[in-house]
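Fold and contact review
Here is how the chains run, residue by residue.
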Amino acid sequence: IQYELLHLGAELGLDVWVARNDRSRKWNGTALGSLPRMIDRLPTQFNEATTRTIELIDVLWLTGNSIVAAFEVECTTLIYSGLLRMSDLLALQPNLDINLYLVAPDERKDKVEQELLRPTFSLREKPLAKICGFLPFTTFCEKLAGIRKLGLSDSLKPSFLKATAQFFTGEETTEDS
């Protein structure tokens, strides 16, 4: 999934970043850190604490010096750790306006929702559940296959994932609302 996110970002014409500690990981014999459009250094406009947080986020999509999307892929690790990293980023840079996604197996949906609605994330000025979307593996892979089959990669904007992601508000919805 991390490889596919990096590859898709490059196909969209974006620069990409893989977490510092994942750069040497390989998928199909290719080191993640050697993929096309991979940047070697993050933009320098952030303070040291922010940079230390950002460089551990699993996947970033960038255009110029701007981060346009951040992804935490949580397959076997704790959902909480990825969300905490995103929350730390927003605490350090409260005016940062980027798309945040937690990408995880479909069966972890309830756990993602439960964690996003924890008070530490939901009582923020901008609740994390409203700005961090959940992308189930199956949905992401189906969307990716369709994009590639139709050859749409170079004409999409990164924000297309917002329509695909699930956002949890903790409020029950009815058909009338």
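The shown structure was predicted, so the numbers you read here are calculated from the model rather than taken from an experiment. (Residues numbered from 1 in each chain as written. Predicted model: local features only at pLDDT ≥ 70, side-chain atom pairs only at ≥ 80, totals over all residues. Heavy atoms only, no water.)

Quick word on the overall build of the protein
Looking only at helices and strands, one finds eight helices and seven strands in the protein. The C-alpha radius of gyration computed for the protein amounts to 16 Å, which stays within 12% of the reference 16 Å derived for 177 residues, consistent with globular compactness. Along the first, second and third principal axes, the C-alpha set of the protein runs to 45 × 40 × 30 Å. Of all 177 residues assigned to the protein, the portion counted as buried reaches 46%. Pairs at least 24 residues apart make up 68% of the contacts formed inside the protein by residues separated by at least 6 positions. Looking at the protein as shown, the accessible area adds up to about 9,600 Å², and 48% of this sits on carbon and sulfur atoms. When the 20 basic and 24 acidic side-chain charges of the protein are each reduced to a single mean position, those positions are 5 Å apart. (Helix = DSSP H or I, 4+ residues; strand = E, 2+ residues; numbered from the N terminus. Rg over C-alpha atoms; globule rule 2.2 N^0.38 Å. Buried < 20%, exposed > 50% of the residue type's maximum accessible area, 1.4 Å probe, protein only. Contact = heavy atoms within 4.5 Å. Areas by Shrake-Rupley, 256 points an atom, 1.4 Å probe, with all protein chains shown as cover. Lys, Arg positive; Asp, Glu negative; His and termini not counted. Charge placed at Lys NZ, Arg CZ, Asp CG, Glu CD.)

Things to note about the nonpolar core
Residues Leu 60, Leu 83, Leu 100, Val 112, Leu 116, Leu 128 and Cys 132 are the most contacted members of the largest nonpolar core, which totals 28 residues. If you list the elements that add at least two residues to this core, you get β4 (59-63), β5 (66-73), α3 (79-92), β6 (99-104), α4 (109-116), α6 (128-131) and β7 (132-136). Counting residues per element, this core draws most heavily on α3, at five residues. In this structure, Leu 60 is in contact with Asp 15, Val 16, Trp 17, Leu 42, Ile 54, Ile 67, Ala 69 and Ala 70, ignoring residues within four places of it in sequence. With 27 residues, the next largest nonpolar core counts Leu 6, Leu 12, Val 18 and Leu 32 among its residues. (Core = buried A, V, L, I, M, F, W, Y, C linked by side-chain atoms within 4.5 Å.)

Some words on the packing of aromatic side chains
On inspection of all chains with the given rule, the structure shows four aromatic pairs. Summarising the aromatic geometry, the rings of Phe 71 and Tyr 101 are spaced 5.2 Å apart at their centres and angled 20 degrees between planes, so their arrangement reads as stacked. Residue Phe 71 is found in strand β5, and its partner Tyr 101 is found in strand β6; the two are separated by 30 residues along the sequence. Residues Phe 71 and Tyr 101 agree in their burial class; the two are buried. (Phe/Tyr/Trp six-rings, centres within 6.5 Å; stacked < 30°, edge-to-face > 60°.)

A few points about the sheet that holds β4
One open sheet accounts for five strands, arranged β1-β4-β5-β6-β7; its pairing is mixed. Looking at strand neighbours, the two that pair on one side only are β1 (15-18) and β7, the edges of this open sheet. The sheet shows a mean angle of 20 degrees between the axes of neighbouring strands, direction not considered. On the sheet, helix α7 (residues 137-150) packs against β5, β6 and β7 and is oriented at approximately 80 degrees with respect to β7. (Pairing = 2+ DSSP bridges. Axes fitted to C-alpha atoms, helices over the stretch in contact; angles between N-to-C directions.)

Things to note about the pattern of salt bridges
Counted under the stated rule, the structure contains nine salt bridges. Its salt-bridge partner being Glu 11, residue Arg 148 comes within 3.1 Å of it at the nearest N-O pair. Taken together, the residues span a long stretch of sequence, with Arg 148 in helix α7 and Glu 11 in helix α1 (residues 2-11) at a distance of 137 residues. Overall, the relative accessible area of 31% leaves Arg 148 in the partly exposed class. In this structure Glu 11 comes out as partly exposed when scored by relative accessible area, which is 23%. Among the ionic pairs, Glu 72 bridges to Arg 85, the shortest N-O distance being 2.7 Å. (Salt bridge = Lys/Arg side-chain N within 4 Å of Asp/Glu carboxyl O.)

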